[in-house]
Amino acid sequence: MDYLEIEGGSPLCGEVRIQGSKNAVLPILSAALQCPGTTVIDNCPDISDVASMLEILKGYGCRICREGTRLIIDAETLHSGRAPEDYAGVMRSSIMLLGSLLARMGEAFLPYPGGCVIGKRPIDLHLEALRRMGAELWEEPEGLRAVCRCPKGAHIRLPFPSVGATENVVLLAARAEGVTVLENAAREPEILELCRFLACMGADIEGAGTDTVRIRGVKELHGTEYRIMPDRIVAGTYMLLAAAAGGKVLLREVPFHQLGAVRQVLRQMGARQESSGDSLLLWCPGRSRGGFRTDTAPYPGFPTDLQSPLMAALCVADGTSVIQEHIFEARFKIAEELGRMGADIRIRDDRACITGVKRLTGAQVEAKELRGGAALCIAAAAAEGKSRICQYHYIARGYENIIRDLKDLGVVVH
Ligand code: UD1
C-alpha cells in the first residue's frame, strides 16, 4: 500500500521521540568501509535510504547484522566491484561511497547517483576536489570509474560549501598521505558528526563544523562503536506540523542547538516553546502568524530540507509570506499538490509567495519527493476532511514511521 490517509482538522496532543539522523548515518556508513574490521552503529534510523545503503555495502562484500537500532558492520572482506545498480542508481548518497572506496581500495565504480528529484544536483564539486587529491575519474556510459592508488593531501577551496563534497574530501583525506586543508567547507552538523565518528576510528581532524577543516591522514582506521545523533529535519518537521495543525506536542531527543533558525521561524509564527533537557514542549495558541520572509541557506541558516514543510505550515497562517530557495532549484514541486488542497501559492523562479487561507480541504495528492511528502502530511493534518497522500515510499526514505509518529501526536491516520 503506497499511500496514507489522514483525517485532518483536529488540534494535536501527544509526544514523540525523534529518530536518528538520516543525513548523519549515510556518510557514517560510508566511513565504516574504511575499517578492515567491525564497526557498531547505534540509534540507526529504520528508513529505506539506510536499507538501500546497506544493500550497496553488502554488494561490496560487507557483512551486516541489524539488532534493533544497532548495526554491526564487518568490512573485512570489502571488494571494489560494482555496486548493485538498483540501489546506487536511485540514491544520491551512493556518491558518498567514493571517498571511502578510494581510501580503502584505491579504485571504485559507481552507477550514476539518483535521489530526490530536486534540481539538477551535479557532482562536479566532488569530482574536482577528489582529483586535487590524486584521483583519476572517468565518466563511462553506465557510471563513474575512479582510481586513486596513492591519495595525497591537498589545499582545496570549494566554490560552494557542498555538504556531500565536504564529506567526500574528509573521507578520502582521513587516509591520504599528508595534510588536507579544506576551505569553504560545509558547516552542517552532519559533517561534525562524521568527523567525530572518524576521530573515534583514529582519524586526525581539526576544525570540524567550521568552514576550514584540516585533516592529517593516518595509515589505518580502526573499528569503533558510535551512537547517531537525532535528526534535526525530522524534529523540525514535527515542530512545523504543530504550527499548522495547532495544539500541544512534546518532542523528545531534540537537537536544539542545531535548530536555531527553525525555532526563530516558529517564534515568528507565534508558537510557544519550552525546553527541558533534550525535550521540547511546543504549543500554538490560535492561528499561526505568517507575513514574513524566509531564505533557505547553508547551515546555520534555515535548512532547505524544511522549506516544503514550512510552505505547508504557511498555507494556513495569517498573512502573505515569502520563501526564497537558495540551495536547490525546482524544489517547489509540492506547491501544485498543496494547491489541490486549496492553498494560495504563487511561484516565480526560486521564490514562493504564500497567502494563508483559513482552512485547507482534504484531497488526493502525490508526494513527489521526500520532504515534499512530509509537507503534504502537515497540510493534510491541518485540512478539513480526509486526504490521501500517494507515493508514500518517498516519505519512507527519511521518516522511520511517520504514520506511528503522526498517530502519537494525535493525528487521525488510516
Ligand atoms: C545534502 C543532504 C540534503 C540537503 C543538502 C543541502 C545528505 C544525504 N543530503 O545533500 O538532504 O538538502 O545537503 O543541505 O546529506 N552542487 C553542485 N555540484 C556538486 C555538489 C553540489 O553544483 O558537486 C550543488 C547542488 O546542486 C545544490 C547545492 O550545491 O544546488 C547543495 O548541494 P549539497 O550541499 O552538495 O547537497 P547534498 O550533499 O547533495
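Just so we're clear, the structure is a prediction, and the values are computed from it rather than from any experiment.

(A) The arrangement of helix α2 (residues 48–59) in detail. Relative to the 16 Å expected for twelve residues at 1.5 Å per residue, α2 spans 16 Å between its end C-alpha atoms, a close match to the ideal helical length. Gly 61, located one to two residues past α2, shows a positive phi value of around 100 degrees.

(B) Representation of the environment of Leu 172. Among the secondary structure elements, Leu 172 is positioned in helix α6 (residues 163–173). On a C-alpha basis, the gap between Leu 172 and Asp 318 in space is 49 Å, while along the polypeptide they are 146 residues apart. Residues within four places of Leu 172 in sequence aside, it is in contact with Gly 99, Leu 102, Ala 103, Leu 130, Met 133, Cys 148 and Pro 151.

(C) Highlighting the sheet that holds strand β17 (residues 293–295). Within the open sheet, the four strands sit side by side as β17-β18-β20-β19. Their pairing is mixed. In the strand order of this sheet, the two ends are held by β17 and β19 (344–348), each with one partner. Between one strand and the next, the sheet's axes are offset by a mean angle of 15 degrees, whatever the strand orientation. In this structure, β17 lies alongside strand β18 (residues 320–324), joined through three bridges in parallel fashion. Each residue of the ladder has a partner; that of Arg 293, found in β18, is Val 322. Against the sheet, helix α10 (residues 307–314) makes contact with β17, β18, β19 and β20 (351–355), and its axis sits at roughly 170 degrees relative to β18, the strand it touches most.

(D) Main features of the domain arrangement of the chain. Partitioning the chain into structural domains gives domain 1 (3–19 + 230–413) and domain 2 (22–227). Relative to domain 2, the C-alpha centre of domain 1 lies at a distance of 30 Å. Each partner contributes residues to the interface: domain 1 has 26 residues there, and domain 2 has 23 residues. Here domain 1 packs against domain 2, burying approximately 2000 Å² in sum over the two surfaces, 50% of which is carbon and sulfur. Sorting the residues of domain 1 by area buried against domain 2 places Tyr 299, Arg 397 and Glu 400 first, and these three jointly supply 30% of that buried surface. Between domain 1 and domain 2 we count three salt bridges in total.

(E) Focus on the pattern of salt bridges. Counted according to the given criterion, the structure contains 24 salt bridges. Its salt-bridge partner being Arg 340, residue Glu 336 comes within 3.6 Å of it at the nearest N-O pair. Of this pair, Glu 336 and Arg 340 are both found in helix α11 (residues 334–340), four residues apart, which corresponds to roughly one turn of the helix.

(F) Spotlight on the site of the ligand. Near the ligand, the surroundings consist of 18 residues, among which Asp 124, Leu 125, Ser 162, Asp 305 and Ile 327 are the closest. Here Leu 125 contributes a backbone N or O atom positioned 2.7 Å from an oxygen atom of the ligand. Contact distances for the ligand include 2.6 Å between an oxygen atom and a side-chain N or O atom of Asp 305. About the coverage of the ligand: the protein hides 86% of its 740 Å² of free accessible area. At the level of elements, α5 (124–132) and α6 are the ones that each hand at least two residues to the shell around the ligand. When residues of the shell around the ligand are assigned to their parent elements, the largest contribution, three residues, is made by α5.

Rules used in this analysis
Residues numbered from 1 in each chain as written. Predicted model: local features only at pLDDT ≥ 70, side-chain atom pairs only at ≥ 80, totals over all residues. Heavy atoms only, no water. Helix = DSSP H or I, 4+ residues; strand = E, 2+ residues; numbered from the N terminus. Expected span 1.5 Å × (residues − 1). Contact = heavy atoms within 4.5 Å. Pairing = 2+ DSSP bridges. Axes fitted to C-alpha atoms, helices over the stretch in contact; angles between N-to-C directions. Domains from an automatic or database assignment. Buried area = accessible area lost by both parts, 1.4 Å probe. Salt bridge = Lys/Arg side-chain N within 4 Å of Asp/Glu carboxyl O. Near = heavy atom within 4 Å. Polar contact = N/O pair within 3.5 Å; in protein donor to acceptor, adjacent residues only side chain to side chain. Areas by Shrake-Rupley, 256 points an atom, 1.4 Å probe, with all protein chains shown as cover.

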